[in-house]
Amino acid sequence: MRVLLIASAFNSLTQRVHVELRARGHQVAVQLALGDEQLRAAVRRTDPELIICPMLTRAVPEDIWSTRTVLIVHPGPKGDRGPSSLDWAITEGAERWGVTVLQAVEEMDAGDIWASVDFPVPDCGKSELYRGEVADAAVEAVLLAVQRFEGGLFTPEPLDYQRPDVRGRLRPLLRQETRRIDWAADDTATVLRKLRAADSQPGVLDELDGREYFLHGGHPEDVLRGPVPGAVLATRDGAICRATVDGAVWIPQLRPRRTPGGPATYKLPAATVLADRPHRVPEVPVSPAAAARRTTWSELRYHEDGEVGFLEFAYPGGAMSTAQCRRLLAAYREAADRPTSVLVLGAPRDFYSNGIHLNVIEGSSFPALESWENINAMDDLVEAVLTTTDKLTVAALAGNAAAGGLMLALAADEVWCRESAVLNPHYRLMGLYGSEYWTYTLPRRVGAEQAERLTTGALPVGAEHAREIGLVDRTCGGDATAFRRWVAREAALLGSSPELTGRLVEKKRNRAADEEVKPLAAYRAEELRRMHANFYREGERYHALRRDFVHKVCPVATPEHLTGLLGRPE
């Protein structure tokens with residue numbers, strides 16, 4: 001079928017639906033919801049048999065939904081309506097939630113129901129839930145709705161609140177007066193629910209030292225305590241720890257409230273935002289090994305199981321600043337020195353990595369210099385993985401990866417990927433040539449022609465297609481917990497394999513042979529020469545594109561590479 005996706009942004013869920021539909025042979029185009037006339041033009045251009053809206057924050061014009069079948073993906077169970085569905089689910093401590101695909105009508109979220117899929121709600125933030133359980137349920141519901149539409153015999157179910165399976169209701173926008181934390185009364189569990197319900201957007205408005213900030217992200221702390229609820233107790237790797245009435249929580253990011261007429265603000269590491277506050281608090285570090293045994297916040301955790309070491313890293317939004325890259329490199333070197341045979345790298349649930357930290361770069365005094373230091377820190381990390389020859393390395397992608405973050409994964413000997421992950425092996429949309437030794441690792445995996453297609457086409461790649469073309473080695477279905485168990489089991493088998501010694505010998509031989517043909521240093525120098533020009537040469541698009549990305553500037557048009565009808569990927 002010809003399918004048009006209308007979305008407010010080409011975000012993770014829209015990308016997921018895009019790759020899943022194309023993988024099933026549908027021709028898919030994307031139109032960003034930037035104005036009614038642009039939507040009408042896209043419908044005339046593509047003449048879609050079906051329109052799907054994976055993530056939409058505005059209404060579709062009546063002349064479109066009244067003449068075409070338009071399906072809205074709503075992140076709530078049957079009967080749920082309103083703009084803050086997931087926020088309410090987390091705030092109220094829902095154990096199960098759902099995604100409903102319904103037909104667009106005049107009244108928002110009130111159309112006939114084509115499909116609905118429920119899912120369990122784990123203890124995590126809204127954005128992590130959205131990219132995980134919500135996305136999995138949404139894809140299942142969309143594919144079911146598409147199948148029913150194609151069959152031509154299915155009659156969608158009218159919304160009827162008298163039905164026992166319709167358990168949702170119309171909910172208002174969750175406003176800051178409801179989100180606000182009462183530090184003198186709210187216990188830790190309540191504080192965490194409020195923080196997690198707003199972790200990516202809009203944040204929880206709060207006051208520190210007479211200034212207003214939006215708090216982003218929330219994690220429990222098991223040791224630190226303070227006499228005054230709300231007080232900042234400590235920092236760790238950019239996050240701050242604040243006391244509650246019965247414990248403490250870690251908050252990784254803050255965003256200053258925008259002053260009237262002032263410049264737009266954006267999320268940064270909390271300690272960076274509060275660097276000039278009058279009351280200093282101690283930095284309280286925790287080692288990756290200690291963090292793995294505790295209930296506390298840490299970007300890094302390390303544990304072992306027999307012959308296998310597991311180095312887990314998790315960063316808000318998947319972005320890795322210079323400091324974060326250096327901390328991960330230090331942890332990697334320690335893990336590489338351990339007497340294990342296999343080293344598994346990756347986050348337990350969410351993003352693997354999206355590469356350099358554009359917000360931190362934007363917030364620095366010299367963005368070009370910070371960009372340069374950040375890409376070199378990424379390169380140092382990738383080089384360490386590439387030159388580890390005394391054990392096998394496995395990149396385990398439980399979630400999405402993009403740009404230099406995906407190239408970090410490709411440095412490992414094997415790349416294992418959850419089937420729901422979406423990969424973006426390109427830099428072009430940020431105006432960058434790219435580094436992280438991609439000119440060595442990507443063609444080595446997929447060939448020069450496919451590498452050119454992936455990096456210039458700038459389209460998302462689904463996990464199964466990535467396996468077919470050699471971008472990843474193995475895939476596994478199921479949720480993040482099932483993927484983690486599968487990775488642990490397969491890594492243990494790898495570590496006890498009788499072929500392990502032979503593989504390590506071959507790995508050393510191949511690395512030496514590749515170094516003879518062209519040293520890693522030569523790849524790095526060539527890539528960095530291009531990146532230096534991106535960062536420092538006048539007229540380069542990178543700085544403007546980065547600024548627009550960080551400040552969430554709305555594009556004026558849908559990118560051309562998304563507008564045409566695209567069939568099954570090559």
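These lines cover the structure that appears in this document, whether it is placed above or below. It should be emphasised that the depicted structure is a prediction, and the values quoted were computed from it without experimental measurement.

## As for the environment of Thr387
- Considering the arrangement of structural elements, one finds Thr387 in the loop between helix H12 (367–386) and strand S20 (392–397).
- Residue classification places Thr387 among the partly exposed residues on the basis of a relative accessible area of 41%.
- When the C-alpha positions of Thr387 and Arg511 are compared, they lie 7.7 Å apart, and in sequence the two are 124 residues distant.
- There is a polar contact of 2.7 Å between the side chain of Thr387 and the backbone oxygen of Glu383.

## With respect to unusual backbone geometry
- With omega at 0°, the peptide bond leading from Gln201 into Pro202 counts as cis.
- With respect to the secondary-structure elements, Pro202 resides in the loop between helix H7 (188–196) and strand S7 (204–208).
- The backbone of Asp109 sits at a positive phi, close to 60°, despite the residue not being glycine.
- Mapped onto the fold, Asp109 is located in the loop between strand S5 (96–103) and strand S6 (113–120).
- Phi is positive for Glu436, close to 60°, though the residue is something other than glycine.
- Summarising the element assignment, Glu436 is placed in the loop between strand S23 (422–424) and helix H14 (438–446).

## Here's the deal with the sheet that holds strand S1 (residues 2–7)
- Taken together, the 6 strands give an open sheet; going across it, the order is S2-S1-S3-S4-S5-S6, and neighbouring strands pair in mixed fashion. Strand pairing shows two members of the sheet lacking a second neighbour, strand S2 (27–32) and S6, which therefore form its edges. Geometrically, the sheet is characterised by an average inter-axis angle of 20° between neighbouring strands, direction not taken into account.
- Here S5 runs beside S6; their pairing, made up of 7 bridges, is antiparallel. Paired with Val101 across the strands is Ala115, a residue of S6.

## Concerning the packing of helix H10 (residues 322–336) against H12
- Interaxial distance between H10 and H12 falls to 8 Å at its minimum, and their mutual angle equals 15°. By the criterion of interaxial angle, the relationship of H10 to H12 is roughly parallel. In terms of crossing hand, the pair formed by H10 and H12 is left-handed. Residue-level inspection shows Thr322, Cys325, Arg326, Leu328, Leu329 and Tyr332 of H10 in contact with H12, the latter providing Glu370, Glu373, Asn374, Ala377, Met378, Asp380, Leu381, Ala384 and Val385.
- Its residues assigned to classes, the contact of H10 with H12 shows 9 nonpolar, 2 polar and 4 charged.

## Regarding the environment of Gly457
- Residue position: Gly457 is located in helix H15 (residues 448–457).
- Other than its neighbours up to four places away in sequence, Gly457 contacts Arg428, Glu452 and His561.

## Some details on the packing of aromatic side chains
- For the structure on display, the rule yields 11 aromatic pairs.
- Note on Trp114 and Phe154: the rings are 5.6 Å apart at their centroids and 45° apart in plane angle, and the pair reads as tilted. Note that Trp114 is positioned in strand S6 and Phe154 in the loop between helix H5 (126–151) and helix H6 (176–179), a separation of 40 residues in sequence.
- Assessed through its relative accessible area of 7%, Trp114 is described here as buried.
- Three or more aromatic residues joined by ring pairs form one cluster here, namely Trp114, Phe149 and Phe154.

## What to know about H15
- Buried within H15 we find Gln450, Ala451, Leu454 and Thr455. Along H15, the residues classed as buried sweep out an arc of 125° about the axis, all on the same side. Residues of H15 that are exposed and angled more than 90 degrees away from the buried face: Ala448, Glu449 and Glu452.
- Residues of H15 that are buried in the fold lie against H14, strand S24 (461–462) and helix H16 (463–469).
- Ala458 lies just past H15 and shows a positive phi near 55°.

Cut-offs used in this document
Residues numbered from 1 in each chain as written. Predicted model: local features only at pLDDT ≥ 70, side-chain atom pairs only at ≥ 80, totals over all residues. Heavy atoms only, no water. Helix = DSSP H or I, 4+ residues; strand = E, 2+ residues; numbered from the N terminus. Buried < 20%, exposed > 50% of the residue type's maximum accessible area, 1.4 Å probe, protein only. Polar contact = N/O pair within 3.5 Å; in protein donor to acceptor, adjacent residues only side chain to side chain. Pairing = 2+ DSSP bridges. Axes fitted to C-alpha atoms, helices over the stretch in contact; angles between N-to-C directions. Parallel < 35°, antiparallel > 145°, perpendicular 65-115°, else oblique. Left-handed = near helix turned anticlockwise from the far one by under 90°. Contact = heavy atoms within 4.5 Å. Nonpolar A, V, L, I, M, F, W, Y, C, P; charged D, E, K, R; others polar. Phe/Tyr/Trp six-rings, centres within 6.5 Å; stacked < 30°, edge-to-face > 60°. Arc of directions from axis to C-beta.

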